[in-house]
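Per-entry structural report
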Amino acid sequence: MTELISEELPTTRQNPFDPPAEVTQIREQARISRLKFADGHLGWLVTGHHQVREILGSPKFTNNPEKHHLLDKRFQGEVPEEGRKVEPGMFLSQDPPDHTRLRKMLQGQFTVRRMNQLSEWIGTIVDDQLKHLRTFDGKADLVKEFALPVPSLVICALLGVDYDERHRFQDDTATMLSLEVSFKEAMAAFARIQDFMRELIARKKANPGGDDMISDLLATGEPTDEEASNMAMLLLLAGHETTANMLGIGTFTLLQHPDQLKILKDEPEVIDNAVEELMRYLSIIHFGPVRTAAEDVEIDGHLIKAGDTVLMHVPAANRDPDKFPGNPEELDLRRPASGHVAFGHGIHQCLGQQLARIEMRIGFSKLFQEFPDLRLDVEPEEVPLRTDMGIYGVHSLPVAWSA
């Protein structure tokens, strides 16, 4: 059989809520196909749900960036080898046993029970931010005034980071996630956030006993200072960027699907499943994640050889009709949406997924209860999309309501 080969990854979206149509066409032809990477490497593109889960759950693939071939042409010839080395504590990019050791230090902080205990407190943060939104004269940018502050306030409080210091990480986080900056610019932003986190670790070590996750981590005496600062940085960045973008583009999506928004308003009990369906439907990782085969492995009849880099396309996988029958291209808040891979799968599955779910359940519910007539204040095509960022969403969402 002739293998389907893509010369480059399609990234242009024809609809703000859908993956690129070309990627969907590729999935319908072959759940696993060949993809040429920027350095000329002929790797793999995986668009099927079952196949993505199998790779993410397999110990035969590594997440070490030193092993990956480069997808982004901007970084060709620009990335020194030391720039791809894994920093201590960056468990997201590590394999067992290092990954296991580091993640185990944090797992007790993110149990379902512990996260559920935070619901009332998170509800208060959401209420306060909605009161703040109400102070505007019937118009505001929902991203700036609600979607970004809510998860930022939550993760800063949980980690013991002063929210007033958010300027020390929010702009640099955006730079790191940009698909348009150079490698040098991205690494400079990364270094500035590292400096901020090292200062934070030093302050907490000088004043032990704080009631926050980082203080609890340091109290165990297990991580080195460098590991602790990088672990905290991962939690800080992941804790506000992902949920903020889901709240932003999720609201945009609901406003553009009034039939589904009506279900959310009329049937509040649907909120848990609604969050799962929005995660499945939107899958805010723009493309990825990436793994490299550590040994030869056969997936769905394809021999992926040791050293082959594989790009898994989560947005396409979450629209796979083999997993989600009916019409997975449509948003349906009543659809049984569990089993999506928006939070990943396997050992690197999102550590804070329960926290994100709670923030979205409370955020979406209370937003539309408080502002039942919320509407876009611009034409839909004027909403600035984050097509230039690794985490998809909207840069801003101008909305209006009856003041």
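Remember, predicted model here, so these are calculated numbers, not experimental data.

**Some details on the sheet that holds strand β10 (residues 375-376)**
Strands belonging to one sheet form pairs held by backbone hydrogen bonds; the direction of such a pair is parallel or antiparallel. Taking strand neighbours across the sheet as the criterion, the three strands line up as β5-β11-β10 in an open arrangement whose pairing is antiparallel. Both outer strands of the open sheet, β5 (139-141) and β10, are each paired with one neighbouring strand and no more. Note: β10 against strand β11 (residues 398-400), two bridges, orientation antiparallel. Counted as the bridge partner of L376 is V399 from β11.

**Some thoughts on the sheet that holds strand β1 (residues 5-6)**
The strand order across the open sheet formed by six strands is β1-β2-β3-β9-β6-β4, and the pairing between neighbours is mixed. One side of each edge strand has no neighbouring strand; the edge strands of this open sheet are β1 and β4 (61-62). As paired strands, strand β3 (residues 42-46) and strand β9 (residues 309-312) are joined by three bridges and run parallel to one another. Residue pairing in the sheet places W44 in a bridge with V310 of β9. The strands touched by helix α2 (residues 49-56) are β2 (32-36), β3, β4, β6 (290-293) and β9; relative to β9, the strand with the most contacts, the crossing angle is about 130°.

**A short note on the side chain of R34**
Along the polypeptide, R34 turns up in strand β2. With a relative accessible area of 12%, R34 lands in the buried category. Reaching out from R34, the side chain makes a polar contact with the backbone oxygen of L42 at a distance of 2.8 Å. From its side chain, R34 meets the backbone oxygen of G43 in a polar contact 3.0 Å long. Sequence-distant contacts of R34, defined by excluding residues within four places in its chain, comprise E3, L4, I5, S6, L42, G43, W44 and D308.

**Structural notes on the side chain of R291**
For R291, the location among the structural elements is in strand β6. Although buried, R291 forms no salt bridge, and the nearest oppositely charged side chain, D95, lies 6.7 Å from it. Separated by 2.8 Å, the side chains of R291 and N63 make a polar contact.

**What to know about helix α13 (residues 271-282)**
If you check α13, its first and last C-alpha atoms are 16 Å apart, about what twelve residues at 1.5 Å a residue would give, namely 16 Å. Of all the twelve residues making up α13, ten are buried; the element is thus mostly covered by neighbouring parts of the structure. Within α13, burial applies to I271, A274, V275, E276, E277, L278, M279, R280, Y281 and L282. Against α11 (225-255), α12 (258-266) and α15 (353-370) lie the buried residues of α13. S283 occupies a position one or two residues after α13 and carries a positive phi of about 40°.

**Quick word on the packing of aromatic side chains**
In total, this model carries three aromatic pairs according to the counting rule given. Note on F17 and F252: the rings are 5.0 Å apart at their centroids and 65° apart in plane angle, and the pair reads as edge-to-face. Of this pair, F17 sits in the loop between β1 and α1 (21-29) while F252 sits in helix α11, and the two are 235 residues apart along the sequence. As far as the burial class goes, F17 and F252 line up, both buried. A cation sits over an aromatic face here: R280 above F324, 5.3 Å from the ring centre.

Calculation notes
Within each chain, residue numbers correspond to sequence positions counted from 1 in written order. In keeping with the predicted nature of the model, local features appear solely for residues at pLDDT of at least 70, side-chain atom pairs appear and are counted solely at 80 or more, and the whole-chain, interface and lining totals rest on all residues. To obtain the side-chain values, all non-hydrogen atoms of the structure were included, while hydrogens and water were left out. One requirement defines pairing of two strands: DSSP has to find at least two bridges between them. The helix and strand labels rest on DSSP assignments: H or I over at least four residues marks a helix, E over at least two residues marks a strand, and numbering proceeds from the N terminus. Note on definitions: a residue-residue contact is assigned when non-hydrogen atoms from the two residues lie within 4.5 Å. Axis definition: a line fitted to C-alpha atoms, limited for helices to the stretch in contact. Angles are taken between N-to-C directions and run from 0 to 180 degrees. Burial classes follow relative accessibility: with a 1.4 Å probe on protein chains only, a residue under 20% of its type's maximum area counts as buried, one over 50% as exposed, and anything between as partly exposed. Here a polar contact is taken to be a pair of N or O atoms separated by no more than 3.5 Å, where protein atoms must pair a possible hydrogen donor with a possible acceptor and residues adjacent in sequence count only if both atoms sit in side chains. Positive charges come from Lys and Arg, negative ones from Asp and Glu, while His and the chain ends are left out of the count. Any carboxyl oxygen of Asp or Glu that lies within 4 Å of a side-chain nitrogen of Lys or Arg is treated as forming a salt bridge with it. Expected helix span is given by 1.5 Å per residue-to-residue step, counting one fewer step than there are residues. Pairing of aromatic rings covers Phe, Tyr and Trp, the last counted by its six-membered ring, and requires centre-to-centre distances within 6.5 Å; plane angles under 30 degrees mean stacked, over 60 mean edge-to-face, and any other angle means tilted. Charge-over-ring contacts are defined here by two conditions on Lys NZ or Arg CZ: a distance within 6 Å of the ring centre and an angle within 35 degrees of the ring normal.

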